[in-house]
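The lines below spell out each chain.
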Amino acid sequence: MSAPKPKRTCAVCGVKKPSLKRPKNGTMVCAECFFAIFETEIHNTIIAAKLFKRGDKVAVAASGGKDSTVLAHVLKLLNARHDYGLDLYLLSIDEGITGYRDDSLETVKRNEKQYELPLLIVSYEELYGWSMDAIVAEVGLKNNCTYCGVLRRQALDRGATRLKVDHIVTGHNADDIAETVLMNFLRGDFARLQRCTQITTSSSSSPIPRSKPLKFAYEKEIVMYAYLKKLDYFSTECSYSPNAYRGNARTFLKELEAVRPQAILDIIYSGETFDITSSKSDVETTVPQTCTRCGYMSSGALCKACLLLEGLEQGTARIKLS
Amino acid sequence: MSARQAAGCSNEDDDSDLPGKESLEGRIAPGVTTCFRCKKFPATVSARSVHFCNECFLFSVRVRFKTNLNTGMGQYSAGEAKEKRIRADRKQTLRDKTARQGGKADAGGEAGITGSDVHNGAPAGSTVQTGERPLASSSAPNGNEQMGTNAHASSSNDHSPEGSTSSQPRVPLPNILLAIEPSPVSLAFLDLFNDSFADVITPPGDATDETARRRGRPKKIGRVFVVYVDDGSDAERDNANEYSLEDWRRSFVGDEVNSLLEQLSSRYPQLTFLRSSLDDALSPSVAPTFCSQTKAPWDTSSHVKFEKLGHLTRATTSNTEPLHQILTSPPPSLSRTHRTSLALLRRHLRRIALLSLCAHNSASYLVLACTASRISARTLACLAQGRGWSLADDIGEPEIRLEAWCDRSGEAGSVRMLRPLKEITDHEIWSYLKLQGLTAADSTTAPESSPPSSEAGPFSSGASLAHSTLPALSRRLIGTLTAGFPSTATTVSKTAERVAVSEWWLEEKEKGTPHGSRAAGDGCGLCLSPFRSRWLAWNAAHTVDSLPSAPSSDQPLPPPAPGGVQPNMVSSVEQSLEIEPDNVLCHSCYSALLDAAKVVSIQAGTGTVSSGGSSSKTDASFTLPPYSSALILRRLLLDSTKECTDGVVVNTPSEEDERMLREGGTVMSRDALRGEVAEWLIGAD
């Protein structure tokens, strides 16, 4: 008669029965320990990178998705637990994507009540006179992400300025950053490679610093956290995302994760350790200017958003980018 | 799934997934009829959306190969190389035009290829022989091809200046080591090398170049050795169940490698063929190559042991047999993670074997057959294994000083690794092979290959287990993307080249060394590559796997002592000292060794590996290869000596690291946390 198998216990507390397997390293943990570990890792990230200082006003870029919902939840929790002394706000952007953004905004409005954080919603229509649906109708599906990215970046800055915050935090997770590293390699975007793993970024055209506290949090663990915590979030992909080049990097990353879960962190680690060969003379130093069209801070006469919008308005966008 | 894919080869350098025959002609865009370059002959070959006739394509490949090799050997800088290539192209175009007009074509081209032969009535597909031109001709009208002093400054094997008189001191010619694998790329590689440099090689048995000098054709290269290192990847291939005799690589497996080497030896009599294996890398005789006793003697009776859970300790007995066993005869069923790690270890040991052969044969250059496709795939695989800091070694052209060379000659000898195929894709290699009529030894059929499918992930029905290692996935991605974006491979490889320059290289450049070399012992103790130390703290902060159970038991971790040795931690019955792994090994090598330890336990059947991942009941341990033990022990000795003599504490954690170690593990106690999260608990405990 064989000896009975010992009961498996949580790898952390050694007491409870494990209820999940961590995607990051495969350890079997109970739910409580998972929450504690997940929150601790985010706390480590914030402390190690010195993201905030006491009294900072911080806007959480909230889309209603799992990442921003978890970010808002954890940030509020850690702010109370470790007494960061932060004032937190929710900032949401309405790109005007029917069937996607209108649903997710309802989720953000619920988050406002659940977390008791003030919410500001800024829309493309209000800022630029164009919604993403209209832009896609004009330019097609091939370069729409370029438009959305540029316009959203400026919209976040404008919203943050209205809220008078010192810092913006976004829900970019480890998978996003690893995908970005891969994508920039595949496209040969050397300039972006230099900064894509930076946890805090700012530029002459985006003076308010943006940080990614979830930089080392796996997407799967974020989903697990949101699910086990029963957080309210909207889980649907953007309607226009399937055609993005990023999808190739995403598929590859998922395959890597299946073979070796550590690969995601290792890609970020690799990205952080790049020594760039560019000499100081190669680095362009741009003098911050003001956009002549919208008055926003810009590195040239026209800001990027206005450049794109001009093309849309003149009907030349499809010709230029095709 | 092709037969080759079904063969289940997990060799990370397996480049047998070359595009099939149909891709040679099938990609000519509609409406394109003539060669992009000569505008005369019909376009028959497509390379990255550019269409060539056969001859122009062959010329293009040869020029790129030779230019890259010459640049790497210090004949001229990269900028000059580009200029030379453009001039070679323009000259060739002029010659072709003259030939069309019935003029007399000049012999020879700048890059050493007999340009007039390109369109001199040579039948399509015929092998174009190089003219009788030296490595860099001094007879060129502009004289820019004068071969100057070898910029490979750290090597004592400087080239003789062109046209040197007998009164000038004769310096030894540089020997070159070509590393090949039983693959189609290596066939093309040897053919290109021989085609480009046949006239300037010192043949075996010709100790001097007197004969050639009398004939007015001085040799520029010493001996050329061609080495095949059996890294044990055949073992995994043999384990695969599906194996077809029609597999194009079948002729290169097992004993047939010998017959292949013999055939190559007879085809290229000027090259000396050698064979090596992982045994050489694991041999104690290799250690002095990388770690000279004269510089800093260490206790040669000590070894470094890799114990369970990843502890590195000193040991008095050597036991590399378990490691050797799993590398050459791995268990039949391994996880994808383990296969990836073993492939990485094989690659490192293969490189050690090659470097030691370079030292043994006084070869200044180690030339590798890495195409742009392989470099790009390897770049992605290295990223995924945390080897960003080591990218320069993995895909670049580093120069490594070998202490054995220093000892013997008294000068700083170093080996420069070169990759002259770095701008040539697998597809172009395949086209080259077809045009040159080069095939496998006993195969006349084109290899089967089906375009990689982006939908086929590791769990698809068509994918074999071996296809799911990191390198295999990387190769498949590059292949998939190349279909829609033909320049993907070269884009990735060029981007990697730009980022893959480490600080040490920049420092050397500032000192004035054109190609900064570094000592073998300056990097990771296993792969020799540069690495960022203190990666343990980084890992610990971002992957928390423990929580303090009670406040009283919370003790801050003691900072590691300088040199990584903690004299108060005695771990094993051998009274050995524990070694901080993040000071002597890079993160990826350590992870690979961890996986190797798990495989050793599986092989020995001494225990099980729990799926929790963080603990193992196994007692598996092995000592690191002798060269690795020597490098690690010597580093510890040097670090502790430096701290004592200079009064400077080295390798202590930064303030930030210490805070991360202390604060990173600090959370609320269990009871307090429970009260905080009680409202979110799902069900009862």
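In this text, all values refer to a predicted model and were calculated from it rather than measured experimentally.

Let's talk about the overall build of chain B
Next up, step 1: A tally of regular secondary structure across chain B gives 25 helices and 14 strands.
Next up, step 2: Counting contacts in chain B only where the partners sit at least 6 residues apart, residues at least 24 apart contribute 72% of the total.
Next up, step 3: With an accessible surface of roughly 27200 Å², chain B has 52% of that area assigned to carbon and sulfur atoms.

Some words on the domain arrangement of chain A
How big an interface is tends to be stated in terms of the accessible area lost upon association of its parts.
Residues and elements named next belong to chain A.
Next up, step 1: Under the domain assignment, chain A is made up of domain 1 (49–237 + 244–275) and domain 2 (287–322).
Next up, step 2: Between domain 1 and domain 2, the C-alpha centre-to-centre distance is 24 Å.
Next up, step 3: Contacts between the two partners involve 19 residues from domain 1 and, on the opposite side, 17 residues from domain 2.
Next up, step 4: Summing both sides of the interface, domain 1 and domain 2 together bury roughly 1600 Å²; the carbon and sulfur share of this comes to 65%.
Next up, step 5: Summed over the shared surface of domain 1 and domain 2, the number is zero salt bridges.
Next up, step 6: The interface formed by domain 1 and domain 2 includes zero residue pairs in polar contact (both at pLDDT 80 or more).
Next up, step 7: When residues of the side of domain 1 that touches domain 2 are traced back to their parent elements, those giving at least two are helix 5 (132–139) and helix 6 (144–163).

Regarding the sheet that holds strand 5 (residues 119–123) of chain A
Residues and elements named next belong to chain A.
Next up, step 1: Read from one edge to the other, the open sheet built from six strands follows the order 5-4-3-6-8-7, with strand pairing classed as mixed. Each having just a single partner strand, strand 5 and strand 7 (200–201) make up the two edges of the open sheet.
Next up, step 2: Pairing analysis gives five bridges linking strand 4 (residues 87–94) to strand 5, with the strands arranged parallel. Bridged to Asp 94 within strand 5 is Ser 123.
Next up, step 3: Lying on the sheet, helix 6 is in contact with strand 3 (57–61), strand 4, strand 5, strand 6 (167–169) and strand 8 (210–211); it crosses strand 4 at an angle near 140°.

As for helix 5 of chain A
Residues and elements named next belong to chain A.
Next up, step 1: Taken as a whole, helix 5 has its buried residues at Met 132, Ile 135, Val 136 and Val 139. Down the axis of helix 5, the smallest arc covering the buried residues is 100°, so these residues share one side.
Next up, step 2: One or two residues past the end of helix 5 sits Gly 140, with phi positive at roughly 90°.

Some points on the pattern of salt bridges
Close approach of charged atoms lets side chains of opposite charge pair.
All names here are of chain A.
Next up, step 1: This model, assessed by the stated rule, comprises 38 salt bridges over all chains.
Next up, step 2: As a salt-bridge pair, Arg 22 and Glu 221 come within 2.8 Å of each other at their nearest N and O atoms. One end of the pair, Arg 22, is in the loop between strand 1 (20–21) and strand 2 (28–29); the other, Glu 221, is in helix 9 (residues 219–229), and 199 residues separate them in sequence.
Next up, step 3: In this structure Glu 221 comes out as buried when scored by relative accessible area, which is 0%.
Next up, step 4: For Glu 39, the salt bridge identified is with Lys 229, shortest N-O distance 3.8 Å. Highlighted residues: Glu 39 in helix 1 (residues 31–49) and Lys 229 in helix 9, separated in sequence by 190 residues.
Next up, step 5: Given a relative accessible area of 3%, Lys 229 falls into the buried group.
Next up, step 6: The structure contains a network of salt bridges with shared partners spanning Lys 66, Asp 67, Asp 175, Glu 219, Lys 220, Lys 254 and Glu 257.

Some thoughts on the packing of aromatic side chains
Next up, step 1: On inspection of all chains with the given rule, the structure shows 14 aromatic pairs over all chains.
Next up, step 2: The interplanar angle of 50° and the centroid separation of 6.3 Å between the aromatic rings of B:Phe52 and B:Phe57 together place this pair among those described as tilted.
Next up, step 3: One aromatic cluster is present, built from ring pairs that chain together A:Phe34, A:Phe35, A:Phe38 and A:Tyr225.
Next up, step 4: Between B:Lys39 and the ring centre of B:Phe36, over which it is positioned, the NZ or CZ distance is 4.9 Å.
Next up, step 5: Above the plane of the ring of A:Phe190 lies B:Arg498, whose end atom (NZ or CZ) is 3.7 Å from the centre.

What counts, and where the lines are drawn
Residues numbered from 1 in each chain as written. Chains lettered and ligands numbered in written order. Predicted model: local features only at pLDDT ≥ 70, side-chain atom pairs only at ≥ 80, totals over all residues. Heavy atoms only, no water. Helix = DSSP H or I, 4+ residues; strand = E, 2+ residues; numbered from the N terminus. Contact = heavy atoms within 4.5 Å. Areas by Shrake-Rupley, 256 points an atom, 1.4 Å probe, with all protein chains shown as cover. Domains from an automatic or database assignment. Buried area = accessible area lost by both parts, 1.4 Å probe. Salt bridge = Lys/Arg side-chain N within 4 Å of Asp/Glu carboxyl O. Polar contact = N/O pair within 3.5 Å; in protein donor to acceptor, adjacent residues only side chain to side chain. Pairing = 2+ DSSP bridges. Axes fitted to C-alpha atoms, helices over the stretch in contact; angles between N-to-C directions. Buried < 20%, exposed > 50% of the residue type's maximum accessible area, 1.4 Å probe, protein only. Arc of directions from axis to C-beta. Phe/Tyr/Trp six-rings, centres within 6.5 Å; stacked < 30°, edge-to-face > 60°. Lys NZ or Arg CZ within 6 Å of the ring centre and 35° of its normal.

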